[in-house]
Amino acid sequence: MTTLEEFYKIGPGPSSSHTMGPMRITYDFFQRISKLPDDQLKRATALKVHLFGSLSATGKGHGTDRAALAGLLGKAPATCPPEFLDSLAANPDETHQLTLGPTTLKVTLQDVVFDATKGDFPHPNTMTPKLLAGNEVLYEQEYYSVGGGFIEWKGYKPPDKGQPKYPFEHASDLKKYLIDDQIPLPQLLLANEMAISGKSEQQIWEFLDQVAEVMVRGVDTGLKVDSVLPGPIKLHSKAASMQRNLKTAAAKGPAAHAITQVASYGFAMGEENARGHIIVTAPTAGSAGIIPAVLKSLRDLNTPQQKIRDGFLAAAAIGYLCKHNATLAGAEGGCQAEVGTGSSMGAAMIAQALNAKPKVVSNAAESALEHHLGMTCDPVAGYVQVPCIERCAYGAVKAWTAYCIASEEVPEERRVDLDTTIAAMALTAKEMNPKYKETSEGGLAVSLVLC
Ligand code: SF4
C-alpha cells in the first residue's frame, strides 16, 4: 500500500526526521498561510516556528533550524538549490523577506525557536509554526515529524488509498503474475501505483523523472565540491578528488576505473546528504547515495529514460518487500536495513533497466541483500558520515556486483531466494544487540576516538 511518493521522499539531509520532515512541515505551513484571505495577511507581523522534544534537543547539530527556515521561506524541498541552504548556515543573522499577499514579513533563523526539550508532547518530534499579529496568533498548526521524512499534524487523517491491482506480500507472490501470467514487472508496479495513489501514468512518470533529476543534480554537485563536512568528525569529502583522479584509476586497469567511478558517485551523494543538501530517501537518508550512484552509472551507459523509470519501479518493489517483511530503519535493524536494502534496490534497478528477466532481477536483489546481512548501525558521534558515506559507495558497487553475478549464473540454480534473505534480515534485526541500532553506543562509534 506504500506509494512512490511516500517511498522516494525529497528533502534536505542529513536526517529524514530532523531535517527532511521539518522542511516539509514548514513548506506545508507556508502553503497554508499563503492561501489565507488578504485581510488576515494584512495584519501579520511575524512568523515563528517552535521546536519541541527531540527536534529541540538535537536539532542544532542536524541543522533543523536551517531546514525549517528554508521551507518557511517558500523553498520547495524538491527544488531548493544547495547554495540557498548553505547561505542560511553561513549567514545565521541574515534577515529574509517573505511576501504573503499584501504583506512582506522579515524572517531570520532566530524565528525558529529551540523550545522545551522535555514535556508531555503528542510526539517526540513536535513542532508548531505560527503566523502572528503582535502577540495574537493569526494561524498556527501543530505538526509531527514522524520519521522517514513523513509528516502528520493535529487532526491528521491518512489519505484514502485504493487497493492494489496485483496485491503481493512476498517476492514469491509476484511469481504468479510475472512468470505464470507473463505480466512485466514495471507494468504490474505501475498498475498498482495508479490504483493505490489514484494518479495517472503521466503523473507517475513525471514524479520519477523529478526524483531522477534531484539525484543526478546531487551527484553532480557532490562531484565538484571539496570540503570538510559539518560536525565534529572533520571528515574531508572524497568524491571530487576521486573523480579528478579517474585517469590514475584507468592506469590501474578497467576494474579499478569502473569501481572508482561508481564509488565516487556514491560518495558524492552521501557527502551531499552530510552537507544538509537536498537528497531522496532511497530507502533512507543515510543510504541515499546508493540509488543515485546506480542511476548515474546507468546514465553513463545511455540507458533510455523509460528503462530508468522501470528500474525505479523495480527498486521500489524491493524496498516495499523489505519494509513490509523486515524493516528499513537502522534504529530497528542496523545498517543492513538501510544500506543493505538500498544496495538490494540498486541491484534490482540495474537488472530491470538492463532488461533482465524477473528471476534475474530478484536474484540480483537477493545477492546484494545477502551480503549486507548482520551489518550494524554505529554512526560516529551520531553523525551520518562515518561509516555511512563510504557505505553508500560500497552499497552501489555491491549492487553492480550482485547484478553481474545474477546475470551470469543460471537463474534457477540460485539456492537462496529473496524472501528467505529478507526473512533472515528480519530475524537478524530482532536478535541484534540494541547498541548497534543507531545509538552510537557500540562498534565504530565507541572505537573511533575523536580529538
Ligand atoms: S550506519 Fe546507521 S545511520 Fe549510517 S547509514 Fe547505516 S543505518 Fe544509517
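Structural notes, computed from the coordinates.

### Some remarks on the overall build of the protein
Check the secondary structure of the protein and you find 20 helices and 10 strands. Taken against the 2.2 N^0.38 rule, which gives 22 Å for 451 residues, the C-alpha radius of gyration of the protein at 22 Å falls within 12% of a compact globule. Principal-axis analysis of the C-alpha atoms gives the protein an extent of 70 × 55 × 45 Å. Within the protein, counting contacts between residues at least 6 apart in sequence, those at least 24 apart form 75% of the total. Measuring between centres, the 42 positive side-chain charges of the protein sit 3 Å from its 48 negative side-chain charges.

### Structural notes on the environment of Gly330
Position of Gly330 among the secondary structure elements: in helix 15 (residues 330-333). Accessibility expressed as a relative area gives 1% for Gly330, which makes it buried. With 13 residues separating them in the primary sequence, Gly330 and Ala317 have C-alpha atoms 19 Å apart. Beyond its immediate sequence surroundings of up to four residues, Gly330 is in contact with Glu338, Cys377, Lys437 and Glu438.

### Quick notes on the site of the ligand
In the vicinity of the ligand, the residues found are Gly286, Gly330, Cys335, Glu338, Cys377, Asp378, Pro387, Cys388 and Arg391. Contributions of two or more residues to the shell around the ligand are made by helix 16 (335-353) and helix 18 (388-408). A breakdown of the residues in the shell around the ligand according to their chemical character gives 4 nonpolar, 2 polar and 3 charged.

### Some details on the packing of helix 17 (residues 358-370) against helix 19 (residues 418-431)
Packing of helix 17 against helix 19 leaves a shortest axis separation of 9 Å and a crossing angle of 25 degrees. Here helix 17 is positioned roughly parallel relative to helix 19, judged by the angle of their axes. When the axes of helix 17 and helix 19 are compared, the crossing they make is left-handed. Between helix 17 and helix 19, the contacting residues are Ser362, Ala365, Glu366, Leu369 and Glu370 on the first element and Leu418, Thr421, Ile422 and Met425 on the second. The class makeup of the residues in the contact of helix 17 with helix 19 is 5 nonpolar, 2 polar and 2 charged.

### A few points about the nonpolar core
Leu4, Tyr8, Leu47, Leu131, Leu208, Phe312 and Met349 are the most contacted members of the largest nonpolar core, which has 133 residues in total. The contacts of Phe312, once residues within four sequence positions are left out, are Tyr8, Leu208, Val211, Ala212, Met215, Ile291, Leu295 and Met349.

### Section: helix 7 (residues 171-180)
Along helix 7, the residues that are buried comprise Ala171, Leu174, Tyr177 and Leu178. All buried residues of helix 7 lie within an arc of 110 degrees about the axis, which places them on one face of the element. Pointing more than 90 degrees away from the buried face of helix 7 are the exposed residues Lys175 and Asp180. In the core, the buried residues of helix 7 are packed alongside helix 8 (185-197), helix 14 (305-325), helix 17 and helix 19. A positive phi of about 60 degrees marks Gln182, the residue just after helix 7.

### Details of the side chain of Asp419
With respect to the element layout, Asp419 can be found in helix 19. One buried charge, Asp419, has no salt-bridge partner; the nearest side chain with opposite charge is Lys359, at 9.4 Å. Side-chain polar atoms of Asp419 contact the backbone nitrogen of Ser172, separated by 2.8 Å. Setting aside residues no more than four positions away along its own chain, Asp419 makes contact with His170, Ala171 and Ser172.

### Describing unusual backbone geometry
Residues Gly13 and Pro14 are joined by a peptide bond in cis, for which omega reads 5 degrees. In this fold, Pro14 is placed in the loop between strand 1 (10-12) and helix 2 (16-34). Geometrically, the link from Ala282 to Pro283 is a cis peptide bond, its omega value of 5 degrees lying close to zero. If you trace the backbone, Pro283 turns up in the loop between strand 10 (278-280) and helix 13 (290-300). The phi dihedral of Lys234 falls on the positive side, at around 55 degrees, and the residue is not glycine.

Each value, and the rule that gives it
- Residues numbered from 1 in each chain as written.
- Predicted model: local features only at pLDDT ≥ 70, side-chain atom pairs only at ≥ 80, totals over all residues.
- Heavy atoms only, no water.
- Helix = DSSP H or I, 4+ residues; strand = E, 2+ residues; numbered from the N terminus.
- Rg over C-alpha atoms; globule rule 2.2 N^0.38 Å.
- Contact = heavy atoms within 4.5 Å.
- Lys, Arg positive; Asp, Glu negative; His and termini not counted.
- Charge placed at Lys NZ, Arg CZ, Asp CG, Glu CD.
- Buried < 20%, exposed > 50% of the residue type's maximum accessible area, 1.4 Å probe, protein only.
- Near = heavy atom within 4 Å.
- Nonpolar A, V, L, I, M, F, W, Y, C, P; charged D, E, K, R; others polar.
- Axes fitted to C-alpha atoms, helices over the stretch in contact; angles between N-to-C directions.
- Parallel < 35°, antiparallel > 145°, perpendicular 65-115°, else oblique.
- Left-handed = near helix turned anticlockwise from the far one by under 90°.
- Core = buried A, V, L, I, M, F, W, Y, C linked by side-chain atoms within 4.5 Å.
- Arc of directions from axis to C-beta.
- Salt bridge = Lys/Arg side-chain N within 4 Å of Asp/Glu carboxyl O.
- Polar contact = N/O pair within 3.5 Å; in protein donor to acceptor, adjacent residues only side chain to side chain.

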